[in-house]
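# Topology and contacts: notes
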Amino acid sequence: MLTSLFFIVTGFTALIFGANWLVDGASALARKFKVSDLAIGLTIVAFGTSAPELVVNIFASVNNHSDIVLGNIIGSNNFNLFIILGLAGIIFPISVQSSTAWKEIPISLLVTVLFLVLANDFFLTDTLVLGLTDGLILLVLFLLFLMYVFTQLKADSSETELHASLSTFKMSTLILGGLAGLIIGGQLVVNYSIDIAHVLGVSEKIIGLTIVAAGTSLPELVTSIVAATKKNSDIAIGNVIGSNIFNILLILSLSSIINPISYSAVFNTDLYILLGGTIFLLIAMLTGTRKRLDRWEAGLLFISYLAYTVYLVRLEL
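To keep things clear, this report deals only with the structure shown in the data block. (Residues numbered from 1 in each chain as written. Predicted model: local features only at pLDDT ≥ 70, side-chain atom pairs only at ≥ 80, totals over all residues. Heavy atoms only, no water.)

### Notes on the nonpolar core
Among the nonpolar cores identified, the biggest contains 78 residues, and Phe-115, Ile-237, Leu-252, Leu-281 and Leu-293 are the most heavily contacted of them. Sort the elements by how many residues they give to this core and helix α3 (residues 66–91) lands first, with 12 residues. Filtering out sequence-adjacent residues up to four positions away, Leu-281 remains in contact with Leu-81, Leu-85, Ile-105, Ile-237, Ile-241 and Leu-293. (Core = buried A, V, L, I, M, F, W, Y, C linked by side-chain atoms within 4.5 Å. Buried < 20%, exposed > 50% of the residue type's maximum accessible area, 1.4 Å probe, protein only. Helix = DSSP H or I, 4+ residues; strand = E, 2+ residues; numbered from the N terminus. Contact = heavy atoms within 4.5 Å.)

Below you can see the structure in the form of structure tokens.
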């Protein structure tokens, strides 16, 4: 048990450092070829913060651990929305000035509804499986989402300073080291999380929704907390909403393309909670005179999901 916990922590550490190294190396490489900071932020940094979820899910999908795949995606999205945004909003009330962020919240809501429809096969069959067709639908929508964001960027003339360039050797070392950290860390997290599930006698669903989801969301947690302390609301909320869209449209699509994912209807409750939280966030942002997520609203998000998680774990033990 303690050995498994040690290797899970080691795996998460490797994932976080690996993602950071990959972002730093790839960003330096992109700047070398005169790619703008905005494009780097959209593609490389966005990939970097979601890389832990992606790598964990690829390993879980290859090994047919559907509950880990689904638990990680749904759990990460709920963790992002309720825990991370809740904590960030408690630190500093979150208001959104960017028109892009206003549009991304409804997009996140629609993407989650689509996930629910595809997973339950309401219009196709009685077999609950996310297969190749579902994966391709989500992947096409992800590409369309990228096109939408690039279109938004064209209207944004803001530029950030370029950082000092790195040597080719250092860039290569960061990229290769980052990839190695992601691969090794992902394998450790999946294997030893499953071991803990067996030792405790709890389902892979619970492990995916809790330990794996929280661990893979650490990059988003750090980003949003730092943004909140600096009173940068757009980054705090954009990081969470963008990551949630990324997780479903890209990570879920690739996972289901690699291997069909058997969907259990018990995940519907967690998806309903995700939908409810997203609707609550949308209402909080669109109503009131200040158009923001106040501390009491953020606290409600945080406490409600914390209570639900404790309830889930107690049901299993």
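Now that the structure has been shown, the text picks up again.
### Structural notes on the packing of helix α8 (residues 218–229) against helix α9 (residues 233–258)
Where α8 contacts α9, the two axes come as close as 8 Å, and the packing angle between them is 160°. In terms of axis orientation, α8 runs roughly antiparallel to α9. Taken together, the residues of α9 that come into contact with α8 (itself represented by Glu-220, Thr-223, Ser-224 and Ala-227) are Ile-235, Ala-236, Asn-239, Val-240 and Ser-243. Classifying every residue of the contact of α8 with α9 gives four nonpolar, four polar and one charged. (Axes fitted to C-alpha atoms, helices over the stretch in contact; angles between N-to-C directions. Parallel < 35°, antiparallel > 145°, perpendicular 65-115°, else oblique. Nonpolar A, V, L, I, M, F, W, Y, C, P; charged D, E, K, R; others polar.)

### Some remarks on a nonpolar patch on the surface
On the surface, Met-1, Leu-2, Leu-5, Val-199 and Leu-200 cluster together into a nonpolar patch covering about 490 Å² of accessible area. Taken together, the elements giving at least two residues each to the nonpolar patch come down to α1 (2–32) and α6 (168–200). On the secondary structure map, Val-199 appears in helix α6. Residue classification places Val-199 among the exposed residues on the basis of a relative accessible area of 56%. (Patch = residues over 30% accessible without salt bridge, like charges linked within 9 Å, V, L, I, M, F, W, Y side chains within 5 Å. Areas by Shrake-Rupley, 256 points an atom, 1.4 Å probe, with all protein chains shown as cover. Salt bridge = Lys/Arg side-chain N within 4 Å of Asp/Glu carboxyl O.)

### Looking at the pattern of salt bridges
Tallied over the full model, the rule gives two salt bridges. Here Asp-270 makes a salt bridge to Lys-205, at a shortest N to O gap of 3.8 Å. Taken together, the residues span a long stretch of sequence, with Asp-270 in helix α10 (residues 268–286) and Lys-205 in helix α7 (residues 204–216) at a distance of 65 residues. Like Asp-270, the residue Lys-205 is buried in the burial classification. Across the salt bridge formed by Arg-292 and Asp-294, the nearest N and O atoms sit 2.5 Å from each other. Under the relative-accessibility criterion, Arg-292 is labelled partly exposed at 25%.

### Let's talk about unusual backbone geometry
For residues besides glycine, phi is generally negative; the peptide bonds are generally trans as well. One non-glycine residue, Asn-64, lies in the positive phi region at around 60°. Relative to the assigned elements, Asn-64 resides in the loop between α2 (37–62) and α3. Given the relative accessible area of 54%, Asn-64 is considered exposed.

### What about the side chain of Ser-76?
Here Ser-76 is to be found in helix α3. Engagement of the side chain of Ser-76 in a polar contact is seen with the backbone oxygen of Ala-213, the distance being 3.5 Å. Excluding its chain neighbours within four sequence positions, the residues that come into contact with Ser-76 are Glu-53, Gly-71, Ala-213, Thr-216, Ser-217, Asn-244 and Asn-247. (Polar contact = N/O pair within 3.5 Å; in protein donor to acceptor, adjacent residues only side chain to side chain.)

### Here's the deal with the environment of Ala-19
Here Ala-19 is to be found in helix α1. Separated by 28 residues in sequence, Ala-19 and Phe-47 place their C-alpha atoms 8.5 Å apart.

### Some words on the side chain of Thr-278
Here Thr-278 lies in helix α10. Taking the relative accessible area as the measure of exposure, Thr-278 reaches 2% and is therefore buried. When residues no more than four places from it in sequence are discounted, the contact partners of Thr-278 are Leu-81, Ile-105, Ser-108 and Leu-109.

### Notes on helix α11 (residues 295–316)
Between its first and last C-alpha, α11 extends 32 Å over 22 residues, near the 32 Å set by a 1.5 Å rise per residue. All of the buried residues in α11 are Glu-297, Ala-298, Gly-299, Leu-301, Tyr-305, Tyr-308 and Leu-312. Along its buried surface, α11 packs onto α3, α7, α10 and β4 (292–293). (Expected span 1.5 Å × (residues − 1).)

### A short note on the packing of aromatic side chains
One pass over the full model with this rule turns up eight aromatic pairs. Each ring, one from Phe-142 and one from Phe-246, has its centre 5.2 Å from the other, and the planes form 90°; the classification is edge-to-face. Placement of Phe-142 in helix α5 (residues 132–154) and of Phe-246 in helix α9 is noted, with a sequence separation of 104 residues between them. Using a relative accessible area of 10% as the deciding quantity, one classes Phe-246 as buried. Ring-pair connections join several aromatic residues into one group, and the members of that group are Phe-6, Phe-7 and Tyr-192. In this structure, Lys-205 is placed above the aromatic ring of Phe-267, and the distance from its NZ or CZ to the ring centre is 5.7 Å. (Phe/Tyr/Trp six-rings, centres within 6.5 Å; stacked < 30°, edge-to-face > 60°. Lys NZ or Arg CZ within 6 Å of the ring centre and 35° of its normal.)

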